[in-house]
Amino acid sequence: MYLCEEVAGRKCDWFFHLDDDAVFDAELYNQLRAVADPEIRPFVSGLAYCRQPPCWPGVTVMRDDKEVQWQKAPAGIHEVYTAPLVAALIHRSVFDRLEEPLFHTTAMTAMAPAHIVGPDRWFCLRCHKAGVPVVVNCDVDIGHVGSGPLIGREASESIIGYY
């Protein structure tokens, strides 16, 4: 993004991040952009699921000062503690507000629920520190490719109870 800005001679408005293991609807950008806002929702993630069992949504929230991972996602738009970066729309102003490094690849298993680790979590923690809300659009279902079946809402919810 920084290189493109340098070449274009101007800053971008939005950064559209997609992981290479995501499967999504052709309208994904428009779905995220429809709820994103530079001031109140500068970081909006689509709903993606962990590829490892129990394949829950890659989202955590704070409950009674404790971080918990969703087991099933509600519908709608929600401010959360952490959200996946599998498919996300991020306003340029977010990058100006965050401390470096923006991304870190160390698995932070000691500080997180079982499946919420790595650069996604790191980025969300940086957002919280800078006062940037983390929002997930649960009406956007992102398929996550793994070694088994494609993991999306339908697969995740059919697995619940088996693990």
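Structure shown above.
Residues numbered from 1 in each chain as written. Predicted model: local features only at pLDDT ≥ 70, side-chain atom pairs only at ≥ 80, totals over all residues. Heavy atoms only, no water.

Participant: Can you help me understand the packing of aromatic side chains in this one?
Facilitator: Each aromatic ring pair is specified by the distance between its two centres and by the angle formed by the two planes. On inspection of all chains with the given rule, the structure shows 4 aromatic pairs. Judged by centre distance (5.3 Å) and plane angle (75°), the rings of F16 and Y29 are edge-to-face. Of this pair, F16 sits in strand 1 (residues 14-18) while Y29 is found in helix 2 (residues 28-35), placing the two residues 13 residues apart along the sequence. In this structure Y29 comes out as partly exposed when scored by relative accessible area, which is 32%. Centroid distance F43 to F123: 5.3 Å. Interplanar angle 90°. Geometry classified as edge-to-face. Taken together, the residues F43 in strand 3 (residues 43-47) and F123 in helix 4 (residues 119-130) connect sequence positions 80 residues apart. Each member of the pair, F43 as well as F123, carries the same accessibility label: buried. (Phe/Tyr/Trp six-rings, centres within 6.5 Å; stacked < 30°, edge-to-face > 60°. Helix = DSSP H or I, 4+ residues; strand = E, 2+ residues; numbered from the N terminus. Buried < 20%, exposed > 50% of the residue type's maximum accessible area, 1.4 Å probe, protein only.)

Participant: How should the sheet that holds strand 7 (residues 87-91) be read in this particular structure?
Facilitator: Sheets are built from strands that pair by backbone hydrogen bonding, the pairs being arranged parallel or antiparallel. Here 5 strands make up an open sheet; going across it, the order is 1-7-3-8-6 and the pairing mixed. Looking along the sheet, the strands with just one partner apiece sit at the ends: strand 1 and strand 6 (77-80). If you compare each strand with its neighbour and ignore which way they point, the axes differ by 25° on average. (Pairing = 2+ DSSP bridges. Axes fitted to C-alpha atoms, helices over the stretch in contact; angles between N-to-C directions.)

Participant: Even after reading the chapter, I still don't get the environment of C55, so can you show me in this structure?
Facilitator: If you trace the backbone, C55 turns up in the loop between strand 3 and strand 4 (60-63). The spatial distance from the C-alpha of C55 to the C-alpha of H144 is 9.9 Å, given a sequence separation of 89 residues.

Participant: Before we go on, may I ask you to explain helix 4 in this structure?
Facilitator: Along an α-helix, residues three or four positions apart point the same way, because every turn accommodates 3.6 residues. Helix length check: helix 4 (12 residues) gives 17 Å between terminal C-alpha atoms against 16 Å at 1.5 Å per residue, within 8%. Three or more residues of helix 4 are buried, namely R121, W122, F123, C124, R126 and C127. Tucked inside the fold, the buried residues of helix 4 contact strand 3, strand 5 (66-69), strand 7, helix 3 (92-97) and strand 8 (134-141). One or two steps after helix 4, the chain reaches G131, where phi turns positive at roughly 80°. (Expected span 1.5 Å × (residues − 1). Contact = heavy atoms within 4.5 Å.)

Participant: Just to check I follow, could you spell out the state of the cysteines for this structure?
Facilitator: Note: disulfide means a covalent bond formed between the sulfur atoms of two cysteine side chains. Following the criterion strictly, the structure yields 0 disulfides and no others. The thiol sulfur of C55 is not disulfide-bonded, and the nearest other cysteine sulfur, from C50, lies at 7.7 Å. On the basis of relative accessibility, which here comes to 3%, the residue C55 falls in the buried class. (Disulfide = S-S within 2.5 Å.)

Participant: Can you walk me through the pairing of strand 8 in this structure?
Facilitator: Side-chain direction in a regular strand flips from residue to residue, so the side chains alternate between the two faces of the sheet. For strand 8, the tally of buried residues reaches 6 of 8 residues, placing the bulk of the element in the interior. Direction of pairing for strand 3 relative to strand 8: parallel, over a ladder of 4 bridges. Residue pairing in the sheet places L47 in a bridge with D141 of strand 8. Where strand 6 and strand 8 come together, 4 bridges link them in antiparallel fashion. Bridging from a neighbouring strand, V80 pairs with V134 of strand 8.

Participant: I would appreciate a short explanation of the environment of M1 in the present structure.
Facilitator: If you trace the backbone, M1 turns up in the segment before helix 1 (2-8). In this structure the C-alpha to C-alpha distance between M1 and C12, which are 11 residues apart in sequence, comes to 7.9 Å. Once you skip the residues sitting within four places of it in the chain, M1 turns out to touch C12, F15, R92 and F95.

Participant: Mind showing me how you'd approach the nonpolar core here?
Facilitator: Looking at soluble globular proteins, one finds that nonpolar side chains tend to be buried together. With 26 residues, the main nonpolar core has F43, W70, V80, I90, F123, C127 and V136 as its most contacted residues. At the level of secondary structure, the elements contributing two or more residues to this core comprise strand 3, strand 7, helix 3, helix 4 and strand 8. Not counting chain neighbours up to four residues away, the residues in contact with I90 comprise D13, W14, F15, P42, F43, L85, F95 and F123. Listed in part, the 14 residues of the second largest apolar core include W14, V35, A36 and I142. (Core = buried A, V, L, I, M, F, W, Y, C linked by side-chain atoms within 4.5 Å.)

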